Amino acid sequence: EKSQDCMYLQYCKVCQSYKAPRSHHCRKCNRCVMKMDHHCPWINNCCGYQNHASFTLFLLLAPLGCIHASFIFVMTMYTQLYNRISFGWSSVKIDMSAAKRDPRPIIPFGLSAFAASLFALGLALGTTIAVGMLFIIQMKVILTNKTSIESWIEEKAKDRIQYYQTGETFIFPYDTGSKWKNFKQVFTWSGIPEGDGLDWPVRDGCHQYSLTIEQLKQKADKRVRSVRYRAVEDYSGVCCPVTKGVETFFTTPCTEEPRIALSKGDLILATRGLKHWMYGEKILDSAADGGIRERGWFPRKCVEKCQYDSETDQPVDGEKKNR
């Protein structure tokens, strides 16, 4: 509503608009999502402001349904095996062909049905554990009013402050201090979350743009820390390249972040990296690509560091000394 507030907001080059506080752009959905927590491939959608409660209830009801199914499987196998097992003094005889009772069951329970029930029981228990852990994580997100992305932003804020020794303190603005108030922001009797997804109640000493200002500082810091590399080998963009060495193949990053294809001579701004992999953004002609950025992982052996830094065009050694 106030044009002067744009200086506190991030600009999305893909959506060609400013991001609201707590909003992030999803590459899968190709849109900015309010209060984005993560993109869930199982529902083929993002978990955010409007569906956070529904998604959390899904994570609760799925394990409950699996527990119910597990109980049915266990009791079915128990009652069927009880009528088929005869205990002798020296051996145990199991007859899986027919039930030793009258009347005969409507659904035959043979060896194949036993194997299928046992397999389904394993799936139900595995789903209960896996999805149950996700439910616990989401409840922690709701009770602290801090999404997974915002937790990562807070960690980077601590790293930035420690790196530059600025002496400032970053306070996460959206945690009201009361778990019950944080809970009521997501779960309401009407099913519609509180607010409009744009303006949020903040803690004392903070304001609406405390988080976005920190994000802008982190972006500026990332540009300072980024290093320019030039591609010396072609890379097709596959997750596990066979031709780039055994170590590169087996140490591929375990993340859903994309890989970027490289051609010899391409320029890349690297912002972080592992021993055999690096993450960065390919430097493109903004007039030709329409502002679309290509970011992702690429093998470290495919690039070499340029002589000059990406942002200041100063020698890397001298620039490091100035920092």
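Structure first, text after, so check above.
Residues numbered from 1 in each chain as written. Predicted model: local features only at pLDDT ≥ 70, side-chain atom pairs only at ≥ 80, totals over all residues. Heavy atoms only, no water.

A.B. asks: Would you explain the packing of helix α2 (residues 111-144) against helix α4 (residues 179-186) in this entry?
C.D. replies: For any two helices packed against each other, the geometry comes down to the angle between their axes and how far apart the axes lie. It is the contact of α2 with α4, at a shortest axis distance of 6 Å, that shows an interaxial angle of 110 degrees. In terms of orientation, α2 and α4 fall into the roughly perpendicular class. Across from M139, I142, L143 and T144 in α2, the residues of α4 making contact are K179, N182, F183 and V186. Looking at the contact of α2 with α4 residue by residue, the classes come out as 5 nonpolar, 2 polar and 1 charged. (Axes fitted to C-alpha atoms, helices over the stretch in contact; angles between N-to-C directions. Helix = DSSP H or I, 4+ residues; strand = E, 2+ residues; numbered from the N terminus. Parallel < 35°, antiparallel > 145°, perpendicular 65-115°, else oblique. Contact = heavy atoms within 4.5 Å. Nonpolar A, V, L, I, M, F, W, Y, C, P; charged D, E, K, R; others polar.)

A.B. asks: Can you help me understand the sheet that holds strand β9 (residues 227-231) in this one?
C.D. replies: In a beta sheet, neighbouring strands pair by backbone hydrogen bonds and run either parallel or antiparallel. Pairing is antiparallel in the open sheet, where 5 strands are placed in the order β12-β11-β10-β9-β13. The two strands at the open ends of the sheet, each matched to only one other strand, are β12 (294-299) and β13 (303-305). Here the average twist between neighbouring strands, direction ignored, is 45 degrees. Alignment of β9 against β13, held across 3 bridges, turns out to be antiparallel. Across the sheet, residue R230 finds its bridge partner in β13, namely E304. (Pairing = 2+ DSSP bridges.)

A.B. asks: Which parts of the structure should I look at to understand unusual backbone geometry?
C.D. replies: As a rule of thumb, non-glycine residues mostly have phi less than zero, and peptide bonds are mostly trans rather than cis. With a phi close to 50 degrees, K35 is a non-glycine residue in the positive phi region. Structurally, K35 can be placed in the loop between β4 (31-33) and β5 (38-40). Using a relative accessible area of 6% as the deciding quantity, one classes K35 as buried. Phi at Q165 takes a positive value of approximately 55 degrees, unusual for a residue other than glycine. With respect to the element layout, Q165 can be found in the loop between α3 (148-164) and α4. By relative accessible area, Q165 is classed as exposed at 63%. (Buried < 20%, exposed > 50% of the residue type's maximum accessible area, 1.4 Å probe, protein only.)

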